[in-house]
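# Summary of structural features
Take a look at the letters that make up each chain.
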Amino acid sequence: QDNCADFESQVSAQCDALVEAIHRRKQELLEFIRQNKEMKLRTLKDQVSTCTCKLQHTTGLLQFCIEALKETDSAAFLQVGSMLITRVANVDITWHKDVVTSPRISHEFDLTLEDKSVLRAIEQLNFIQMKPPNAPAVIPEECSAENNSVTVAWQPPPTSYVEGYVLELDDGSGGEFREVYCGKETICTVDGLHFNSMYNARVKAFNSTGEGEYSEVIGLQTAEVYSSVRFGLLIRKDMTSHTPFLNSINIYRIYCGKETICTVDGLHFNSMYNARVKAFNSTGEGEYSEVIGLQTAEVAWFTFDPCLGPPELQFSEDNCTVSCEGYEHRVTLGSVGFSRGVHYWEFSINRYDSDTDPSFGIARLDVAKDQMLGKDDKGWSMYIDRQRSWFMHGSVHEQRSEGGIQPGSTVGVLLDLDRHQLSFYVNEEPQ
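Residues numbered from 1 in each chain as written. Predicted model: local features only at pLDDT ≥ 70, side-chain atom pairs only at ≥ 80, totals over all residues. Heavy atoms only, no water.

Named according to an unreviewed UniProt entry, the protein is E3 ubiquitin-protein ligase TRIM9 originating from Zootermopsis nevadensis.

Spelled out as structure tokens, the structure:
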């Protein structure tokens, strides 16, 4: 009984605090209205004062003109006549500019009190049990997959106190789940996934008492295009395809938020994209803006990406050169990924101190970076020494070719995604 009385007092105090907060906000809103009213009145008074002053000056000029017309001395009248005509003409011109007959500010308040969210929150005010929260509910109609990214949305578990959520995703091949997001939002977009892969997602809620159960698993299929690959330094030319990826009838929503600027990554090179934007509020969506056409670059200039390389690698200031001390293989990736077209780029060998076997090629984003490129199934490479080279993928060596590298050599990589072909060149000679 005592515990119940204490709990009732606590709930009553919390409700009183909410009521007090509403009263404080009410006073703040009313004060804003009063300040807006005072501002409108000051503006009108200033306008009335300006008109009164102008009217007084004009009245004085008229009285002076009347007195001048009463002048009986013709010579004196002729002396001031031309001056009066000029002054009256100037006043007539400036009158319509200085005197505004309509109010400069509207007498109406073009404001609306948005109280729906507060009323909704009050209606949802309820008791919760201090225990691990229940499982969130995934909202399938708000989940989507576009290109190589997926968006997952979920609802908070009812009658549960939640401090945050953990979203987990598998590897797109039915493997183990891994955490990709932890926070308070109920929607999350995960970028940089594999194309043409089915990803399974699940989410759980947590609070200070522990973690709740997982939601039901939802599967999301990424776009069915060639796997995205990343490259090294491009120093020659790029022969991208001229076939457009999107035609004029395919429109995709790519951003929804409050910012007035948006950058979209992962588009195709040498393609014309059309963009439009619309605004919305609680009453609905507005009309679209005019469509603007944006042409992506015909040539893919890019560099190494230090964020995607192991810490043992040293990059130049412009990220166009990379070096490594030691005998352990390390993999670094380029700053751009491709999914179609024909691409060619070259590496220049500036220094080659030992008999190691550097490898060059292409890789997916999740390639193993602590072993030779081509050792796993995420990379395709040619590794080479001073005398010969081999092709390697998935630890399988094949097609040994004579001819090695030394300082000053160039290694070229030709990737034809349209034909699924990868070729290598050493000093412009095919391997």
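## Let's talk about the overall build of the protein
For the record, the criterion: Strands are runs of DSSP state E lasting at least 2 residues, helices are runs of H or I lasting at least 4, and numbering of each runs from the N terminus. The globule rule is 2.2 Å times the number of residues to the power 0.38, and the radius of gyration it is compared with is taken over C-alpha atoms. Exposure categories follow from relative accessible area, calculated using a 1.4 Å probe and restricted to protein chains: below 20% of the type maximum is buried, above 50% is exposed, and the middle band is partly exposed. By definition, residues are in contact when any of their heavy atoms lie within 4.5 Å. Values of accessible area rely on a 1.4 Å probe in the Shrake-Rupley scheme; residue burial ignores everything except the protein chains shown. In this tally, Lys and Arg are treated as positive and Asp and Glu as negative; His is ignored, and so are the chain termini. To locate a charge, the coordinates of NZ of Lys, CZ of Arg, CG of Asp or CD of Glu are taken.
Secondary structure assignment for the protein yields 3 helices and 26 strands. Taking 2.2 N^0.38 as the reference for a compact globule, 431 residues should give roughly 22 Å; the C-alpha atoms of the protein span a radius of gyration of 37 Å, well beyond that estimate. Once the C-alpha set of the protein is aligned to its principal axes, its extents read approximately 120 × 90 × 45 Å. Counting every position in the protein, which comprises 431 residues, the buried fraction comes to 29%. A fraction of 60% describes how many contacts in the protein between residues 6 or more apart in sequence connect residues 24 or more apart. Surface accessibility of the protein: about 28800 Å² in total, with carbon and sulfur atoms responsible for 52%. Side chains of the protein carry 38 positive and 62 negative charges; the gap between the two charge centres is 6 Å.

## A look at a nonpolar patch on the surface
Stated precisely, the cut-off is as follows: Patch membership is restricted to residues that have no salt bridge and whose relative accessible area is over 30%. Joining uses 9 Å for like charges and 5 Å for the nonpolar side chains Val, Leu, Ile, Met, Phe, Trp and Tyr. Each reported salt bridge corresponds to a side-chain nitrogen of Lys or Arg within 4 Å of a carboxyl oxygen of Asp or Glu.
Together, L30, F32, I33, F109 and L111 line one region of the surface with nonpolar side chains, adding up to about 450 Å² of accessible area. Its place among the elements puts I33 in helix α1 (residues 2-69). The class for I33 is partly exposed, based on a relative accessible area of 43%.

## Quick look at the packing of α1 against helix α2 (residues 74-98)
Applied cut-off: All axes are obtained by fitting lines to C-alpha atoms, using only the stretch in contact for helices, and the reported angles, taken between N-to-C directions, cover 0 to 180 degrees. Should an angle lie under 35 degrees it is considered roughly parallel, over 145 roughly antiparallel, and from 65 to 115 roughly perpendicular; all remaining angles are considered oblique. Handedness of a crossing follows from how the near helix is turned relative to the far one, being left-handed for an anticlockwise turn of less than a right angle and right-handed for a clockwise one. Throughout this entry, Asp, Glu, Lys and Arg are counted as charged residues, while Ala, Val, Leu, Ile, Met, Phe, Trp, Tyr, Cys and Pro are counted as nonpolar. The remaining residues, Gly among them, count as polar.
Across the interface, α1 lies against α2 with an axial gap of 11 Å and an inter-helix angle of 160 degrees. Here α2 runs roughly antiparallel to α1, going by the angle between their axes. For the element pair α1 and α2, the recorded crossing hand is left-handed. On α2, the residues touching T50, K54, L55, T58, L61, F64, C65, A68 and L69 of α1 are F77, L84, R87, V88, V91, T94, W95 and D98. For the contact of α1 with α2, the residue count by class is 11 nonpolar, 3 polar and 3 charged.

## Things to note about the packing of aromatic side chains
Our working definition: Each aromatic pair joins two rings of Phe, Tyr and Trp (for Trp, the six-membered one) with centres within 6.5 Å, and gets the label stacked for planes under 30 degrees apart, edge-to-face for over 60, and tilted for any other angle. Two thresholds decide whether a charge sits over a ring: the Lys NZ or Arg CZ must be within 6 Å of the ring centre and within 35 degrees of the ring normal.
By the definition in use, this model includes 7 aromatic pairs. Taken together, F304, F315, F347 and F360 form an aromatic cluster joined through their ring pairs. It is R202 that lies over the ring of Y214; its NZ or CZ is 3.7 Å from the centre. Positioned over the ring face of Y288 is R276, at 3.7 Å from the centre of the ring.

## So, the environment of V118
Its place among the elements puts V118 in helix α3 (residues 116-123). As a C-alpha pair, V118 and A201 span 83 residues in sequence and 32 Å in three-dimensional space.

## Quick look at the environment of I66
Inspection of the secondary structure puts I66 in helix α1. Overall, the relative accessible area of 46% leaves I66 in the partly exposed class. In this structure, the C-alpha to C-alpha distance between I66 and L169, residues 103 residues apart in sequence, is 92 Å.

## Here's the deal with the nonpolar core
Here is the rule we go by: Joining through side-chain atoms within 4.5 Å is the link that ties buried Ala, Val, Leu, Ile, Met, Phe, Trp, Tyr and Cys residues into a set, and such a set is a nonpolar core.
F338, F347, M382, I405 and V411 are the most contacted members of the largest nonpolar core, which totals 22 residues. Looking at this core, the elements with two or more residues in it are β19 (342-348), β20 (359-363), β21 (379-384), β24 (410-416) and β25 (421-426). Considering every element that reaches this core, the biggest residue donor is β24, with 3 residues. Ignoring anything within four residues of it in the chain, the contact list for I405 reads I349, Y352, P358, I384, D385, R386, V411 and V426. Listed in part, the 18 residues of the second largest apolar core include V152, W154, L167 and A205.

## Quick word on the state of the cysteines
Our working rule: Throughout, disulfides are identified as pairs of cysteine sulfur atoms within 2.5 Å of each other.
Taken as a whole, this structure holds 0 disulfides when the rule is applied. Cysteine C256 is unpaired, with the sulfur of C262 as its nearest cysteine sulfur at 11 Å.

## Here we look at the pattern of salt bridges
On inspection of all chains with the given rule, the structure shows 10 salt bridges. Between R34 and E31 there is a salt bridge, with its nearest N and O atoms 3.1 Å apart. A residue pair is termed a helical-turn pair when its members lie 3 or 4 positions apart in one helix, as R34 and E31 do in helix α1 at 3 residues. Residue classification places R34 among the partly exposed positions, given a relative accessible area of 42%.

## Quick word on the side chain of E346
Quick reminder of the rule: Pairs of N or O atoms within 3.5 Å make up the polar contacts considered here, provided that, within protein, one atom can donate a hydrogen while the other can accept it, and that residues adjacent in sequence are counted only when both atoms are side-chain atoms.
By the secondary structure assignment, E346 is in strand β19. Engagement of the side chain of E346 in a polar contact is seen with the side chain of Y344, the distance being 2.6 Å.

## Things to note about unusual backbone geometry
You will see that S395, though not glycine, has its phi angle at about 70 degrees, which is positive. The residue S395 is located in the loop between β22 (388-393) and β23 (396-402) in this model. With a phi close to 70 degrees, E428 is a non-glycine residue in the positive phi region. Among the secondary structure elements, E428 is positioned in the loop between β25 and β26 (429-430). By relative accessible area, which is 56% here, E428 ends up exposed.

## What to know about the confidence of the model for the protein
Our working definition: Per-residue confidence from the prediction method is given by pLDDT, with values spanning 0 to 100.
Across the protein, pLDDT averages 82, with 92% of residues at or above 70. No element of the protein has a lower mean pLDDT than strand β11 (residues 238-239), at 29, and none a higher one than strand β4 (residues 164-169), at 94. The low-confidence segment residues 225-249, where pLDDT is below 50, has 93 contacts with residues more than four positions distant or belonging to other chains.

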